[in-house]
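Residue strings, one per chain:
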Amino acid sequence: MIELYYWPTPNGHKITMFLEEAGLDYTIHPVDISTGDQFKPDFLAISPNNRMPAMIDSAPADGGESISVFESGAILLYLAEKTDRFLPKDVRGRKTAAEWLFWQAGGLGPMAGQNHHFGLYAPSKIPYAVDRYVKETNRLYGVLDRHLENRKFILGDGYSIADMASYPWVVPWKRQQQNLDDFPNLRRWFDTVRGRPATQRAYARGEPYSNRPAVTEEGKKILFGQTARRA
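About the criteria used
Residues numbered from 1 in each chain as written. Predicted model: local features only at pLDDT ≥ 70, side-chain atom pairs only at ≥ 80, totals over all residues. Heavy atoms only, no water. Buried < 20%, exposed > 50% of the residue type's maximum accessible area, 1.4 Å probe, protein only. Helix = DSSP H or I, 4+ residues; strand = E, 2+ residues; numbered from the N terminus. Pairing = 2+ DSSP bridges. Right-handed = clockwise from strand over helix to strand, strands pointing away. Axes fitted to C-alpha atoms, helices over the stretch in contact; angles between N-to-C directions. Contact = heavy atoms within 4.5 Å. Parallel < 35°, antiparallel > 145°, perpendicular 65-115°, else oblique. Nonpolar A, V, L, I, M, F, W, Y, C, P; charged D, E, K, R; others polar.

## Some words on the pairing of strand E1 (residues 2-6)
Here E1 shows a clear split, with Ile2, Leu4 and Tyr6 buried on one side and none of Glu3 and Tyr5 buried on the other. With 5 bridges connecting them, E1 and strand E2 (residues 26-30) associate as parallel partners. In the strand pairing of E2, Tyr5 is matched with His29. Handedness of the β-α-β unit built from E1, helix H1 (residues 10-22) and E2 comes out right-handed. Bridge count between E1 and strand E3 (residues 54-57): 4 bridges; the pairing is antiparallel. The residue of E3 that forms the bridge with Tyr5 is Ala54.

Structure (structure tokens):
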């Protein structure tokens, strides 16, 4: 059984996408990041960076004690290796999967996240910051669009954790001030992943936690005012 500590953000959706694709049994433990659940001692014990998602696998492949994992990319790799699915078995394929997984974790996710922050949550709009991250998001969309030319999925014909990692960060394309029609290969890929039944089930799992009031000013302080003392 997988115990998933989750909130319906792009990084949270990555993991439910995998779990639904693989048909693994899992229980969701909601971590409301706008009220400070990520700072509770029980959660910090498995996610020292006070970020979700995190998970506990009570039935690891080695048959030993439960294993906890934090960081969404690490969780995807762990689950792919546990199930022997959605990750190529050959050296070159695994290399390419790692490249695009880290591309998302180090590029698309952080840059789109800053796009969201300065475009939606910052107390005052800073034109330079908004422009900087909208353009960088656009550049990264272009990188993926060019890569997807003549490829059904990021690694080719096979659906993989690279797709699961990137897709949720493209879902909010409108609030990132992007136009998917400017990226025909990306648009085709996006529609293909969106149409997968497991993707639809994964997003449905997040709906009970999505219909919440807008983030309050106090919630913004919790989300964006963290320091070493607070963490």
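## Concerning the sheet that holds strand E4 (residues 67-70)
Sheet architecture is open: 4 strands sit in the order E2-E1-E3-E4, paired in mixed fashion. Two strands close off the open sheet at either side, each with one partner strand: E2 and E4. Between one strand axis and the next, the sheet turns through 20° on average, direction left out of account. Of the strands in this sheet, E1, E3 and E4 are in contact with helix H3 (residues 72-83), which crosses E4 at around 135°.

## Considerations on the packing of H1 against H3
Think of two packed helices as two axes; the pair is described by the angle between the axes and how far apart they sit. H3 packs onto H1 with a crossing angle of 5° between their chain directions and a minimal axis gap of 9 Å. The angle between the axes of H1 and H3 places the two elements in the roughly parallel class. In this structure, H1 contributes Asn11, Lys14, Ile15, Phe18 and Leu19 to the contact, and H3 contributes Ser72, Ile75, Leu76, Leu79, Ala80 and Thr83. Across the contact of H1 with H3, the residue classes break down as 7 nonpolar, 3 polar and 1 charged.

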